[in-house]
Amino acid sequence: TLAQPARDVLAFARGAPAWFRKMDRNNDGDISPAEWLGTEEDFKRLDLDGDGLVSVAEALKAPDPTKK
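A quick note: this is a predicted structure, and the numbers were derived from the prediction, not measured.

Enquirer: I'm lost on the nonpolar core in this one. Help?
Expert: For soluble globular proteins, nonpolar side chains are generally found buried alongside one another. Formed by Ala16, Trp19, Phe20, Met23, Ile31, Trp36, Phe43, Leu46, Val54, Val56, Ala59 and Ala62, the largest nonpolar core amounts to 12 residues. Elements with a minimum of two residues in this core: helix H2 (18–23), helix H3 (40–46) and helix H4 (56–61). A per-element tally of this core places H2 first, with 3 residues.

Here is the structure:
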C-alpha cells in the first residue's frame, strides 16, 4: 500500500476540485462530516457509497456544492 503522503499527492494530482481541497483540512483525500462545511443533507447527497466520507471520486461526480 502507499504511504499516506504519497496517497495525498495522488488524490490531488487526479484533479480534486478546489472546494474539496479546501474542506479536506487533514489532506487525507476524504472529507469527513467534521470537515464538511455544508448541510448534512448535502453531505449525504455527495457521499454516494454511504461510507460516511466524501472521496475525491465522489467529489468529481458532484456539482460544486459552494455554488447554489
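On we go.
Enquirer: Please clarify how the pattern of salt bridges should be interpreted in this entry.
Expert: Close approach of charged atoms lets side chains of opposite charge pair. Taken as a whole and assessed by the stated rule, the structure comprises 2 salt bridges. Of the charged contacts, one joins Glu40 and Lys44 as a salt bridge, the two residues approaching to 3.1 Å between their closest N and O atoms. Pair noted here: Glu40 and Lys44 are both in helix H3, with a separation of 4 residues, about one helical turn. You can call Lys44 exposed: its relative accessible area is 56%.

Enquirer: I would appreciate a short explanation of the side chain of Asp47 in the present structure.
Expert: The topology assignment puts Asp47 in the loop between H3 and strand S2 (54–55). No salt bridge forms around the buried Asp47; measuring N to O, its nearest opposite-charge neighbour Lys44 is 9.0 Å away. A distance of 3.3 Å separates a polar atom in the side chain of Asp47 from the backbone nitrogen of Asp51. Here the side chain of Asp47 touches Gly52 through a polar contact of 2.8 Å, landing on its backbone nitrogen.

Calculation criteria
Residues numbered from 1 in each chain as written. Predicted model: local features only at pLDDT ≥ 70, side-chain atom pairs only at ≥ 80, totals over all residues. Heavy atoms only, no water. Core = buried A, V, L, I, M, F, W, Y, C linked by side-chain atoms within 4.5 Å. Buried < 20%, exposed > 50% of the residue type's maximum accessible area, 1.4 Å probe, protein only. Helix = DSSP H or I, 4+ residues; strand = E, 2+ residues; numbered from the N terminus. Salt bridge = Lys/Arg side-chain N within 4 Å of Asp/Glu carboxyl O. Lys, Arg positive; Asp, Glu negative; His and termini not counted. Polar contact = N/O pair within 3.5 Å; in protein donor to acceptor, adjacent residues only side chain to side chain.

Interpretation in functional terms is not warranted from these geometric data alone.
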